[in-house]
Amino acid sequence: MRRYWKCGAAAAALLALLPTGSLLAQGQSADLLIKGGTIYDGSEGNKGYVGDVAVSGDRIVYVGPHASVTAKRTINAKGKIVSPGFIDTHAHPDSQIYSPDPQLRQVPNWIMQGATTLVLGVDGAGIGGASGGLVHSGVEIKDTFAKFTQQGIGPNVLAFVGYAPIRERVIGEEARAPTAAELLAEKQLVAKGMCEGAWGFSTGLWYTPQFFAKTDELIELAKEAGKRGGIYDTHQRDEASYSIGLLNSVKEALTIGKESGMPVHFAHIKALGPTVWGQSAGIIKLVDAARAAGQSVSADQYPYNANETSLQAQIIPSWALDGGYPALIKRFNDPATLEKIRAETTENLKRSNGPHAILFVASKQPWNGKYLDDVAKEWKVAPVDAAIRILRQTDKQAVDVFSMTPPDIDALLKQSWTFTGSDGADGHPRITGTYPTKYQEFVKRRKVISLGFFVRQSSGAIADFYKLDRRGYLRNGYYADIVVFDPVKYVAKSSYVDWTPLAEGVTATVINGKIAVDNGKMTDVLSGRPLSHTATPGSCL
């Protein structure tokens, strides 16, 4: 068990029992006072109350009704919502957080939404990757965290050790099982990542070459993280009906978690495409049964009906990607193999809700911002042939695919184990609009969930699952990660056509006691911290 799971939980329990009041010494001034806002503290069932939050250094020193304290700086939050800073359980800020430009390392796309902590290395990508999380440079968590500390970053970050760089480093892009020596090398890299501060082991089994791994190999690797107190985070193998099917894929992930002794977290949970619409009920039944049996299971979800991925991952059969992109081009050049690819890709287009549902994004190509069916009409070819023509030119084409339905989205969103996660990356409005979109659409307009539930599933519930030390709540003694937002003006300005405009309506974002957003504008503060996980004692000798 993680060393601080016990002491952190005990400290949290003690702090929660403190009487409402200031932790400041008599006559001591706070650094910051957020006054008169409606406080949602991240707790389950919290309905909000008008009060104040005082901060000294990097900690909250008062939260409750009217504070009888003075402060060096006061923010008038009357009529505003005051909540814990949001924790994004699934983020791809690669084009920003690794930048030499400090303004980009602030990660304004997230901080202007009120997100103060991001989980990196997801989809099996590992950290230190290129834009979009689909190109990976390694598993060196310690070195990357040291660089973050040296250069400064805007948000707090957690990281997973990713399966993609491990498999690519040890096996390459071939569709085969590892040898005994290769499996040992993979296991050593998982252990290395965990001992350098990773919070668990992440896979993206939808993507090749990760898709080529069998369940037994994944269990063996996951055990290395499990015995060091880690979490199994997964972009599951199939969110539709491409391979083993959605529900069997859920079962596989639960099995990996159970056999490795780890909590399981499902990335961007969904029923993707018309062949599985309505199967959210089956997902919920499986997860609820696992939880009832004592397994720790959670998921994250973004509030949009379109996913984003690469064109080849969305529609090209996995066997055609054995050996990577160069091998795919060789298969395109063989007439018989090309015909087989065309036939299976045509079926995958149907699984994707059709060519009218596939929007090209995040590229400088002439087809950027157009749908596949429109490009096919312009070129006077079948949609499958238009897609293959594009893939002959680039393996980096991203697509937004309109593949989900409101009933499934709503059903999953209402679960106590479903957290807010943006899956934000260049090319999709969720990178700049996840939190205000969820608030406006599902809290205010459609009233699918309450404001208190929105806050909890974006903060305290996540902190509980990860067992974060004194984060995720507005409580005395907790780290001062806070967002203040206007309940009317808190809106997303981005769209599928233009995903770049920043969100509006956040009055202040506070990270470790420093004001990163002030009066709705970014400051130059880089107060984020890498949050390293402490492995189970004795597991990293």
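Residues numbered from 1 in each chain as written. Predicted model: local features only at pLDDT ≥ 70, side-chain atom pairs only at ≥ 80, totals over all residues. Heavy atoms only, no water.

Observations concerning the state of the cysteines
Argument step 1. For the structure shown, the criterion picks out one disulfide.
Argument step 2. Across the disulfide from C195 sits C540; the S-S distance is 2.0 Å. Handedness of the C195-C540 disulfide follows from its S-S torsion of about -90°: it is left-handed. Placement of the pair is C195 in helix α7 (residues 180-195) and C540 in the segment after β21 (521-522), with a sequence separation of 345 residues. (Disulfide = S-S within 2.5 Å. Helix = DSSP H or I, 4+ residues; strand = E, 2+ residues; numbered from the N terminus.)

Description of the sheet that holds strand β10 (residues 200-204)
Argument step 1. Taken in spatial order, the six strands line up as β9-β10-β11-β12-β13-β17 in an open sheet, and their pairing is parallel. Edge positions in the open sheet fall to β9 (161-162) and β17 (418-420), since each of these has one partner strand only.
Argument step 2. The pairing of strand β13 (residues 297-301) with β17 spans three bridges and is parallel. Paired with D300 across the strands is F419, a residue of β17. (Pairing = 2+ DSSP bridges.)

A few points about helix α8 (residues 215-226)
Argument step 1. A rise of 1.5 Å per residue sets the reference length of α8, with its twelve residues, at 16 Å; its end C-alpha atoms lie 16 Å apart and thus fit the reference within 8%.
Argument step 2. Residues E217, L218, I219, L221, A222, E224, A225 and G226 constitute the buried set of α8.
Argument step 3. The inward-facing, buried residues of α8 abut α6 (163-170), α7, β10 and α9 (246-260). (Expected span 1.5 Å × (residues − 1). Buried < 20%, exposed > 50% of the residue type's maximum accessible area, 1.4 Å probe, protein only. Contact = heavy atoms within 4.5 Å.)

With respect to the pairing of strand β18 (residues 482-485)
Argument step 1. Burial of β18 is two-sided: the residues I482 and V484 facing one way and the residues V483 and F485 facing the other way are all buried.
Argument step 2. As defined by bridge partners, β18 adjoins strand β19 (residues 506-511) across four bridges and the pair is classed as antiparallel. By the bridge assignment, V484 is partnered in β19 with A508.

Comments concerning the side chain of T89
Argument step 1. One can find T89 in the loop between β6 (86-88) and α2 (94-97).
Argument step 2. One polar contact links T89 to D300, side chain to side chain, over a distance of 3.2 Å. (Polar contact = N/O pair within 3.5 Å; in protein donor to acceptor, adjacent residues only side chain to side chain.)

Considerations on the layout of surface pockets
Argument step 1. The volume enclosed by the second largest pocket comes to roughly 290 Å³.
Argument step 2. As for the second largest pocket, its lining consists of 18 residues, and the residues nearest its centre are S416, W417, R456, Q457 and A461.
Argument step 3. Sorting the residues of the lining of the second largest pocket by element identifies β13, α18 (451-457) and α19 (460-466) as the ones contributing at least two each.
Argument step 4. Ranked by residue count, the leading element in the lining of the second largest pocket is α18, at four residues.
Argument step 5. The class makeup of the residues in the lining of the second largest pocket is six nonpolar, eight polar and four charged. (1 Å grid on protein atoms, 1.4 Å probe; cavity = no way out; pocket = protein on both sides within 12 Å on 5 of 7 lines; lining within 4 Å. Points joined across faces, edges and corners; volume = space filled by probe spheres on them. Nonpolar A, V, L, I, M, F, W, Y, C, P; charged D, E, K, R; others polar.)

Focus: the packing of α6 against α7
Argument step 1. Where α6 contacts α7, the two axes come as close as 10 Å, and the packing angle between them is 145°. The crossing of α6 and α7 is right-handed. Contacts between α6 and α7 involve Y163, I166, R167, R169 and V170 from the former and E182, A185, E186, L189 and V190 from the latter.
Argument step 2. Per-class residue counts for the contact of α6 with α7 are six nonpolar, no polar and four charged. (Axes fitted to C-alpha atoms, helices over the stretch in contact; angles between N-to-C directions. Left-handed = near helix turned anticlockwise from the far one by under 90°.)

Observations concerning the pattern of salt bridges
Argument step 1. Scanning the entire structure with this criterion turns up 29 salt bridges.
Argument step 2. As a salt-bridge pair, R176 and E174 come within 2.9 Å of each other at their nearest N and O atoms.
Argument step 3. The exposure class assigned to E174 is partly exposed, which follows from its relative accessible area of 39%. (Salt bridge = Lys/Arg side-chain N within 4 Å of Asp/Glu carboxyl O.)

Thoughts on the confidence of the model for the protein chain
Argument step 1. Taken as a whole, the protein chain shows an average pLDDT of 93; of its residues, 94% reach a score of 70 or greater.
Argument step 2. Note that residues 1-19 has pLDDT below 50 and, in this model, 33 contacts with residues that lie over four places away or in other chains.
Argument step 3. Low pLDDT, under 50, characterises residues 130-136; the stretch is placed with 20 contacts to residues that sit more than four places away or in other chains. (pLDDT = per-residue confidence, 0-100.)

Comments concerning unusual backbone geometry
Argument step 1. Cis geometry marks the peptide bond from T208 to P209, where omega comes out at 5°.
Argument step 2. Locating P209 in the fold gives a position in the loop between β10 and α8.
Argument step 3. You will see that D123, though not glycine, has its phi angle at about 60°, which is positive.
Argument step 4. Here D123 shows up in the loop between β7 (115-120) and α5 (141-151).
Argument step 5. Residue classification places D123 among the buried positions, given a relative accessible area of 7%.

What to know about the sheet that holds strand β14 (residues 306-310)
Argument step 1. Strands sit in the order β14-β16-β15 across an open sheet of three strands; the sheet is antiparallel. Taken across any chain shown, the strands that pair with only one partner, and hence form the sheet edges, are β14 and β15 (358-361). For this sheet, the mean angle separating the axes of adjacent strands, direction not counted, is 30°.
Argument step 2. As paired elements, β15 and strand β16 (residues 398-402) share four bridges and run antiparallel to each other. Note on β16: the bridge partner recorded for I358 is V401.

Some details on the nonpolar core
Argument step 1. If you look at the biggest cluster of nonpolar residues, it comprises 90 residues, and the most contacted ones within it are F201, F266, L451, F454 and F485.
Argument step 2. In contact with F485, not counting residues within four places along its chain, are K80, I81, S83, F86, Y439, L451, F454, Y490, G505, V506 and T507.
Argument step 3. Ranked by size, the runner-up nonpolar core spans 26 residues in total, among them L311, A320, L338 and I341. (Core = buried A, V, L, I, M, F, W, Y, C linked by side-chain atoms within 4.5 Å.)

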